[in-house]
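# Structural overview for review
Letter by letter, the chains look like this.
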Amino acid sequence: MATHTEQLTRPAVRLRGLTRSFDDRTVLDAIDLDLPAGQFTALLGHSGSGKSTLLRAVAGLDHEVAGSGRLTAPETVSVVFQDSRLLPWRRVLANVLLGIEGNEAAHRARAALAEVGLAGREEAWPSELSGGEAQRAALARSLVREPELLLADEPFGALDALTRIRMHVLLRELWERHRPSVLLVTHDVDEAIVLADRVLVLDQGRIGLDLTIDRPHPRSYRDPLLGEYRERLLTALGVTEDHK
Ligand SMILES: Nc1ncnc2c1ncn2[C@@H]1O[C@H](COP(=O)(O)OP(=O)(O)OP(=O)(O)O)[C@@H](O)[C@H]1O
Ligand SMILES: [Mg+2]
């Protein structure tokens, strides 16, 4: 396995001229972007700015993009969405195991469930889980695949504020342990600056701002030094004093 330093020397994602149009409307306009392996990056932007479109392109789920995309092999990419997408007719463990086989797999799946705090819930049905638990099961399903690249599209968007903060801590801890490259789509500025080491703002089809968040972890929402980053991001998003 590559060391962290080695990983950072080669990008997990290299986009060159990535363009996506729907009918006559260009949503992604010749985007150039490198995401170094092992980096935790957040992607912000207004609703409709193209965040999900960009994530789908990087995931390899969109075959109609122009330009070149990701470098990481498809089998080492995991995607987490706003809803857990657990299959209701499979128990939690079977959902985590979906599509993977082998003697080691069940053991790894149980370990992943324990990592997200769901030990003992292996035989539960998805309908018996809370929203936060279902999202944790979805994270376990991603983890068990040991992804090099984790793509997450507003994974905490449907959760209440307290659960969301717990999920932030959990995601960051999981990242510390496994060090995948992460691209986290969110429209929550605070979520982005608390979690990510780099925050991108998508605006008019381009990366309008590329900001390195140079603060140690774990970070607190209350850290006044994060305020400067928040201001810059809100300005890039066009949020002025009147709107706050
Ligand atoms: N399959 C599609 N056909 C036509 N238009 C689409 C399609 N998918 C996305 N779009 C358009 O592309 C634009 C970007 O959509 P996208 O879902 O990427 O936005 P987003 O930034 O993820 O927004 P949100 O924050 O609301 O999730 C939107 O205007 C949307 O209507
Ligand atoms: Mg979206």
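These notes cover the structure that comes with them. This is a predicted model, so every value here is computed, not measured.

Another point: helix 5 (residues 131–143). Here helix 5 is 13 residues long and its end C-alpha atoms lie 18 Å apart, about the 18 Å a rise of 1.5 Å per residue gives. Most of helix 5 sits out of view: eleven of its 13 residues are buried. Every buried residue belonging to helix 5 is among Gly132, Ala134, Gln135, Arg136, Ala137, Ala138, Leu139, Ala140, Arg141, Ser142 and Leu143, and all of these are buried. Its buried side turned inward, helix 5 meets strand 5 (77–80), helix 3 (92–97), helix 4 (103–115), strand 6 (149–153) and helix 6 (161–178).

For helix 6, which comprises 18 residues, the first-to-last C-alpha distance of 26 Å matches the rise-based estimate of 26 Å (1.5 Å per residue) to within 8%. Looking at helix 6, one finds that the buried residues are Met167, Leu171, Leu174 and Trp175. End-on, the buried residues of helix 6 take up no more than an arc of 100°, which puts them together on one face. Exposed residues lying more than 90 degrees from the buried face of helix 6 are Leu162, Glu176 and Arg177. Structurally, helix 6 contributes buried residues whose contacts are with strand 3 (40–45), helix 4, helix 5, strand 7 (181–185) and helix 7 (189–195). Arginine 179, located one to two residues past helix 6, shows a positive phi value of around 55°.

Around ligand 1, a shell composed of Phe22, Val27, Gly45, Ser47, Gly48, Ser49, Gly50, Lys51, Ser52, Thr53 and His187 is seen. With three residues, helix 2 (residues 51–59) is the single largest residue contributor to the shell around ligand 1. The residue inventory of the shell around ligand 1, partitioned by class, reads two nonpolar, eight polar and one charged.

Moving on to the environment of alanine 196. Among the structural elements, alanine 196 can be located in the loop between helix 7 and strand 8 (198–203). In sequence terms alanine 196 and threonine 41 are 155 residues apart; their C-alpha atoms lie 5.2 Å from each other. Those residues in contact with alanine 196, other than ones at most four positions away along the chain, are Phe40, Thr41, Ala42, Leu184 and Ile213.

Definitions and cut-offs
- Residues numbered from 1 in each chain as written.
- Chains lettered and ligands numbered in written order.
- Predicted model: local features only at pLDDT ≥ 70, side-chain atom pairs only at ≥ 80, totals over all residues.
- Helix = DSSP H or I, 4+ residues; strand = E, 2+ residues; numbered from the N terminus.
- Expected span 1.5 Å × (residues − 1).
- Buried ≥ 20, exposed ≤ 12 C-beta atoms within 10 Å, placed from the backbone.
- Contact = placed C-beta atoms within 7 Å.
- Arc of directions from axis to C-beta.
- Near = placed C-beta within 6 Å.
- Nonpolar A, V, L, I, M, F, W, Y, C, P; charged D, E, K, R; others polar.

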